[in-house]
Amino acid sequence: MGEVVKRAYKYRFYPSPEQAELLNRTFGCVRKVYNRALEARTRAWVVDRQRSTYVQSSGWLTEWKRTDELAFLNEVSSVPLQQTLRHLQAAYVAFWDKRSRYPRFKSKRKSRASAEFTRSAFRWRDGQLTLAKMNTPLDIVWSRPLPEGAEPSTVTVSRDPAGRWFVSILVEDPTVKPLPPVTAEVGVDAGITSLLTLTHPIPGMSDEQGKVANPRFGQADRRKLAKAQRDLARKQKDSANRAKARLRVARIQARIADRRRDHLHKLTTRLVREIQTVVIEDLSVRNMLRNRRLARVISDASWGQFRSMLEYKAGWYGREVIPVDRWYPSSKTCSTCGRINTTLALNDRTWTCPGCQTEHDRDINAARNILAAGLAER
C-alpha cells in the first residue's frame, strides 16, 4: 500500500460568459476582503499594540457584509472570502516565525487572481464540477484522469495574466508509492552556463561530464518579448489597444514559464527515479536576484522552483534531499586535498590546485564537494 498523499491536479477550463463574470467578481471580492482585513489588523497593532486573530477578522467580515458600502460581498460565495482570511492568518504566522516578510496588499493588476472553494462550496457529481452560485458545471479539459474514486477536498480557480482559466483540484492520491531503494547518490551544483552539474553523468539527461544544458527559455524568446513590451509602452493608458498589447506580452511570458516548468518537472522526476540521495546547495535566490547583471539569467534558471519540485517529489517517493550550507566554499575547495583557493574568481571556469596540482573544472569540483559535505552532515 502506498502512502496516501494530498495531490493537486491542475486543468484548464473554459467558462461561459456568466461563469466568467461571477468568477471575476469573486476574485475582486476576495482581494477586497484580504486588503480590508490586512488594513484592520495592521491598524490594531499600530494603534493598540494588539495582535488580531482569524476569528476576529471573520467577525469583521460579517459586519462588513451588513454595510451598504460592502453589501456586494453577499453576491458571491462566502467560502472563498473565509479562505482568504485563513490565507492572511497563515501569512501572519509565517511573518511571526520570521519565515517571510510582513503581508502585503493585493493588487488588481499584479496579484494572482484566484479563489479557493472548500467542500461545502462546490458539487462533484459524475465527474463534473459545479461551483457555488453556478447552475452549470465547468467545461474542464481533462488532460489526465483523477485517481480512481478520488473525491476533491478543495478546488482553486485561477486566471493567469494571459487570460487562461485553470482549476486545481486537491485530492487524496493513494497511487503514490515509494520507489525501490537504490544506492546512487549525487551532488548537484546549480549554475548558469550549465543549468545543473552532477557528480556523475546520467545518460539522456547530462553530457559525459555530468553537465545538464541550460535551455534558457527566456533568452530564446527575448527579442519577441522585448518587441511586445515596446509596443505596450507606446499604447495610451487604459485604452483597448493597450489591453490587447498587454495580453500579447502576457502570452509570451506564459509560454516561457510553461516551457521552463515542463523542463524542470522532467529533470526532477528523472533525478528522483534514479537517485536515492540528492545533495544541493541551500541558495538564497532572493538575495542573488539583487545582482542586476545576473538577475535575468538567475530568474530564467529558476533554481528555487527546481528545489521545490525536487523536495516534494522526494518526499512522495521515499528519496532524500540534503541541503548544504550556502556559505560552504564548494567551488574554491579542492575536492582532492581539501585546500581552499582564496584567489579563485567568478570567471575562472577551470583552475589548478596550488597544493596537489590537480586540475579542476569549477562546476564538477563544486558538485563533488557538495556531495561530500551533504553526506558528512547526515
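Residues numbered from 1 in each chain as written. Predicted model: local features only at pLDDT ≥ 70, side-chain atom pairs only at ≥ 80, totals over all residues. Heavy atoms only, no water.

Another aspect to go through is the overall build of the protein. Looking only at helices and strands, the protein features ten helices and 14 strands. Counting the 378 residues in the protein, one finds 42% classified as buried. For the protein, long-range pairs separated by at least 24 residues make up 70% of all intrachain contacts whose partners lie at least 6 apart in sequence. Surface summary for the protein: the accessible area is close to 22,000 Å², and the carbon and sulfur share equals 49%. Distance between charge centroids for the protein: 7 Å, based on 69 positive and 39 negative side chains. (Helix = DSSP H or I, 4+ residues; strand = E, 2+ residues; numbered from the N terminus. Buried < 20%, exposed > 50% of the residue type's maximum accessible area, 1.4 Å probe, protein only. Contact = heavy atoms within 4.5 Å. Areas by Shrake-Rupley, 256 points an atom, 1.4 Å probe, with all protein chains shown as cover. Lys, Arg positive; Asp, Glu negative; His and termini not counted. Charge placed at Lys NZ, Arg CZ, Asp CG, Glu CD.)

Moving on: the nonpolar core. The biggest cluster of nonpolar side chains holds 42 residues, and the ones touching the most others in it are L129, L131, V157 and V167. When residues no more than four places from it in sequence are discounted, the contact partners of V167 are Y9, K10, Y11, F13, L129, I140, V155, T156 and V157. Judged by nonpolar contacts, the second largest core, of 23 residues, contains V212, L271, I275 and A301. (Core = buried A, V, L, I, M, F, W, Y, C linked by side-chain atoms within 4.5 Å.)

In this section: unusual backbone geometry. Positive phi, normally seen in glycine, also occurs at D126, with a value near 55°. For D126, the position within the fold is in the loop between β3 (122–125) and β4 (128–131). Despite not being glycine, K133 has its phi angle at roughly 70°, a positive value. Position of K133 among the secondary structure elements: in the loop between β4 and β5 (140–141).

A probe as big as a water molecule, rolled over the atoms, marks out the empty space that is left. Estimated volume of the second largest pocket: approximately 910 Å³. Lining the second largest pocket we find 28 residues, and of these M288, W303, S331, L346 and R362 sit closest to its centre. (1 Å grid on protein atoms, 1.4 Å probe; cavity = no way out; pocket = protein on both sides within 12 Å on 5 of 7 lines; lining within 4 Å. Points joined across faces, edges and corners; volume = space filled by probe spheres on them.)

Take the pattern of salt bridges next. Scanning the model with the defined rule gives 22 salt bridges in all. Where D173 meets R7, a salt bridge forms, and the shortest distance between an N and an O atom there is 3.3 Å. Of this pair, D173 sits in strand β7 (residues 165–173) while R7 is found in strand β1 (residues 5–13), placing the two residues 166 residues apart along the sequence. For the pair shown, D173 and R7 are each scored as buried. Among the salt bridges present, the one from E69 reaches R36, with a minimum N-O distance of 3.6 Å. Placement of E69 in the loop between α2 (54–65) and α3 (78–96) and of R36 in helix α1 (residues 17–48) is noted, with a sequence separation of 33 residues between them. Accessibility expressed as a relative area gives 24% for R36, which makes it partly exposed. (Salt bridge = Lys/Arg side-chain N within 4 Å of Asp/Glu carboxyl O.)

A word on helix α5 (residues 222–234). Between its first and last C-alpha atoms α5 spans 19 Å; for 13 residues at 1.5 Å apiece the expected length is 18 Å, and the two agree. Taken together, the buried positions of α5 are L225, A228, D231 and L232. Buried residues along α5 cover an arc of 125° about the axis, so they all sit on one side. Along α5, exposed side chains directed more than 90 degrees from the buried face belong to R223, A233 and R234. (Expected span 1.5 Å × (residues − 1). Arc of directions from axis to C-beta.)

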